[in-house]
Each structure stands twice: as C-alpha cells, then as structure tokens.
Amino acid sequence: MDHHAFTHPALFYRTAGEYCDCLLPFVSDGLDADHPVLVAVPEPNMTLLQDGLGPAAAHVTMVDMTEAGRNPGRILGELLSGFLERHPDRPVRMIGEPVWPSRSELEYPACVQHEALINHAFTGRDVTLVCPYDVARLESRAVTDARATHPVLWQAGSAAQASSTFAPDAAWAHYNQPLSSHDAAVRYTARQFADLSGARAFAASYGQWFGLASETIADLQLIINELATSSLMQAGACRLALWQNDGHLVCEARDSTHLDDPLAGRRPYDRDTSRGRGLYVVNAVADLVRTHTTTEATTIQAYLRIKGAA
C-alpha cells in the first residue's frame, strides 16, 4: 500500500441520503483508524453529517464552507493546508465542498481553478480529500468540470471509477480568462515602492468618499498595499483601479509580468514565495480573488463585500 498517496475523488450525489451514505462511513472509518478528519461543507450538509455522526462528531473538525471558503482562493492555503500543518506525518481525511448551487457566476471560475490546483498541492502526502457535488441542483457544467479536476469519481451504489476526462491543467487554463474593468473606475499608478503610501491614501480617499465603514477601508488599504508590493517586486509599475459593482468593492492590479506559479498565495504563508505571501494576505482578507495571466501581463481583482449591501 502506498502510504504517501494523495487521493482526490469527486462525490456525485442527488439526495441527502446518498450524501450521508457515502460520507458518514468515510468519516467513521477515518476516526476508527485514528486519522484526523476535517469536514468543510455548507449548510444544511454540515448539520446532516453532525447529526449522522452523533457523539463522534466531537472528534471531527467541522467548518462552514460558506464562511471559510467564501473566497475559493483561501481554501487551499488557509483551510486545507492549515489543517495538514496541524497534523504532520499523519494520514488525513478531509471533505471539502467548494461548489454549491448558490455560488455566483463570478465565483464559479475561481472554484474550478481551486479544484484543479489541489491536484498539485499535496503530492507526497497521505491525504484523501473528497469533494461532494450536488448533481441534482448544480448546472451540468459543474459535473463536467468536476470530472476534469478529479481523477476519481464516486457515486452512491457504484464502485469508484477513474475519470476518463481528468485534465486539471486544462481546466485551470479554460477559466484563465480576461477580466473586465469598469467605466467608472478610478485609477492610480505605483511606479516605485515610495508610491505605496500614495496607493494606501488613494484607497482611503476612495473609501471615505463613498462612506465605507472604517474596517472596510482598512481591508482595502491592506489589499491595495499587498497587490502593489507584489507587482513592484516583479515589474516596473503597477496600475491600480477601484470601483463598486453589485454590492462589492473591486480592487484591481495590473502589471507587465507573467504569474507563472498558479499556487502562489495558496501555500502556507511561511512556505510561499515572496510574491505568494502577498497574495496569501489578499486571499485571507478578500471575499473573492480572480486572476488572469498571460506571458505579457497579469491582472488580479480582489472583491470586498460592502457591509449592508444586498
């Protein structure tokens, strides 16, 4: 038996019964083997598993994915890797459900890219990470993408099977699409590190002009500082833009570099690159991060939900 194999199955389920029938034994078997178990799923699925496990649920780390994973870019570096860091050199079982029916059209591409990158993140670790998909309620593209990002497929009443369309790098590239700006965006260009204070002041002025809460302004300043710093470490200039869209404040950074490390910002902070550490902070603060990179330029957009917005 390979004790250093990473297994990443997708579970296709249609009912609460199928969900529990497949996942409760997975969790119970892990507990019986004294393996640490993480369950990160949205409600009502978290309650389903808690109720099904009974007293054993006290020995499982339970996390509401709608909070911990509202930004898909945070799931890998902070939630999953963080759990593994607390249990070094031990087999680990995890359930992670990053895609649910109410995920927005804007969030969905980031979810697929997250699922694709998982396949490169845990090589050499004895980890099994099951990702459930509600095929009765999700769009058909979610099933297609799950088959591309998971090498193994589970379904209730059937034996596990290999995915014939497993191609995680192609799935990641498919959603590496240009990101739209906004006609009403206000702009600032940082050309050297001395301009970072001006970038932070630019963010504060924008937030105050629109009457944003002080904590939102502080988050925006942190994001704009980290994005600009990361760009300036690689490029000669960082073009920043701010606008509001659909209840979110959007902070965009564009530069003339190629982000050739898709896992940047998704590793544990102290194990990432210098640019990755800045992106890790952005992922930790933002409600969503979208990236588009080519050989000639990179655009990163970080979204902050405006409190009180519908």
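Presented here is a report on the structure given in the accompanying data block. Source: prediction; values computed, not measured.

Calculation notes
- Residues numbered from 1 in each chain as written.
- Predicted model: local features only at pLDDT ≥ 70, side-chain atom pairs only at ≥ 80, totals over all residues.
- Heavy atoms only, no water.
- Axes fitted to C-alpha atoms, helices over the stretch in contact; angles between N-to-C directions.
- Helix = DSSP H or I, 4+ residues; strand = E, 2+ residues; numbered from the N terminus.
- Parallel < 35°, antiparallel > 145°, perpendicular 65-115°, else oblique.
- Left-handed = near helix turned anticlockwise from the far one by under 90°.
- Contact = heavy atoms within 4.5 Å.
- Nonpolar A, V, L, I, M, F, W, Y, C, P; charged D, E, K, R; others polar.
- 1 Å grid on protein atoms, 1.4 Å probe; cavity = no way out; pocket = protein on both sides within 12 Å on 5 of 7 lines; lining within 4 Å.
- Points joined across faces, edges and corners; volume = space filled by probe spheres on them.
- Buried < 20%, exposed > 50% of the residue type's maximum accessible area, 1.4 Å probe, protein only.
- Salt bridge = Lys/Arg side-chain N within 4 Å of Asp/Glu carboxyl O.
- Pairing = 2+ DSSP bridges.

## Observations regarding the packing of helix H1 (residues 16-32) against helix H2 (residues 45-53)
Part 1: At a minimum axis distance of 10 Å, the contact between H1 and H2 shows a crossing angle of 55 degrees. In terms of orientation, H1 and H2 fall into the oblique class. Note on packing geometry: the crossing formed by H1 with H2 is right-handed. Judged by residue contacts, Ala16, Tyr19, Cys20, Leu23, Leu24, Val27 and Ser28 of H1 engage Asn45, Leu48, Leu49, Gly52 and Leu53 from H2.
Part 2: Looking at side-chain class alone, the contact of H1 with H2 contains nine nonpolar, three polar and no charged residues.

## A look at the layout of surface pockets
Part 1: Here the largest pocket is characterised by a volume of approximately 260 Å³.
Part 2: Ranked by residues supplied to the lining of the largest pocket, first place goes to helix H4 (residues 72-85) with four residues.
Part 3: Taken together, the residues of the lining of the largest pocket sort by class into seven nonpolar, one polar and five charged.
Part 4: Put simply, the second largest pocket is a space of about 220 Å³.
Part 5: Taken together, 15 residues make up the lining of the second largest pocket; nearest its centre are Tyr13, Pro44, Asn45, Asp134 and Arg137.
Part 6: In terms of residue class, the lining of the second largest pocket is made up of seven nonpolar, three polar and five charged.

## Section: empty space enclosed by the protein
Part 1: As enumerated under the stated definition, the model contains five cavities of 30 Å³ or more in all.
Part 2: Of the volumes computed, that of the largest cavity is approximately 220 Å³.
Part 3: For the lining of the largest cavity, the secondary structure elements donating two or more residues are helix H5 (108-121), helix H10 (274-285) and strand S12 (288-293).
Part 4: The element best represented in the lining of the largest cavity is S12, accounting for four residues.
Part 5: Residues of the lining of the largest cavity, tallied by class, amount to nine nonpolar, five polar and three charged.

## Let's talk about the environment of Ile223
Part 1: Turning to its location among the elements, Ile223 is positioned in helix H9 (residues 214-232).
Part 2: A relative accessible area of 1% places Ile223 in the buried class.
Part 3: When the C-alpha positions of Ile223 and Asn283 are compared, they lie 8.9 Å apart, and in sequence the two are 60 residues distant.
Part 4: Apart from residues lying up to four places away in sequence, Ile223 is in contact with Cys251, Val282, Val285, Ala286, Ala302 and Leu304.

## Observations regarding the pattern of salt bridges
Part 1: A full pass over the atoms with the stated rule returns 14 salt bridges.
Part 2: Note that Glu67 is salt-bridged to Arg70, the shortest N-O span being 3.6 Å.
Part 3: The buried category is assigned to Arg70, whose relative accessible area is 18%.
Part 4: Two residues, Glu85 and Arg271, come together in a salt bridge whose shortest N-O distance is 3.1 Å. Of this pair, Glu85 sits in helix H4 while Arg271 sits in the loop between strand S11 (248-255) and H10, and the two are 186 residues apart along the sequence.

## Quick word on the pairing of strand S13 (residues 298-305)
Part 1: For S13, a buried count of seven out of eight residues is recorded, marking the element as mostly surrounded by other parts of the structure.
Part 2: Both S11 and S13 contribute to a ladder of eight bridges, which runs antiparallel. When the bridges of S13 are listed, Asp255 appears paired with Thr298.
Part 3: Here S12 pairs with S13 via six bridges, running antiparallel. Counted as the bridge partner of Thr293 is Thr298 from S13.

## Things to note about the packing of H5 against helix H6 (residues 140-149)
Part 1: Here H5 crosses H6 at 20 degrees, and the two axes come no closer than 9 Å. Relative to H6, the element H5 is oriented roughly parallel. As for how H5 packs across H6, the hand of that crossing is right-handed. On H6, the residues that touch Tyr108, Val112, Glu115, Ala116 and Asn119 of H5 are Arg141, Ala142, Asp145 and Thr149.
Part 2: Looking at the contact of H5 with H6 residue by residue, the classes come out as four nonpolar, two polar and three charged.

## Section: unusual backbone geometry
With glycine set apart, most residues show a phi of negative sign, and most peptide bonds adopt trans.
Part 1: Between Glu43 and Pro44 the backbone carries a cis peptide bond, its omega angle lying at 5 degrees.
Part 2: Along the chain, Pro44 falls in the loop between strand S3 (37-41) and H2.
Part 3: Here the phi dihedral of Asp34 falls at roughly 60 degrees; this positive angle occurs in a residue that is not glycine.
Part 4: Of note, Asp34 is situated in the loop between H1 and S3.
Part 5: Positive phi, normally seen in glycine, also occurs at Asp89, with a value near 60 degrees.
Part 6: Among the secondary structure elements, Asp89 is positioned in the loop between H4 and strand S5 (92-96).

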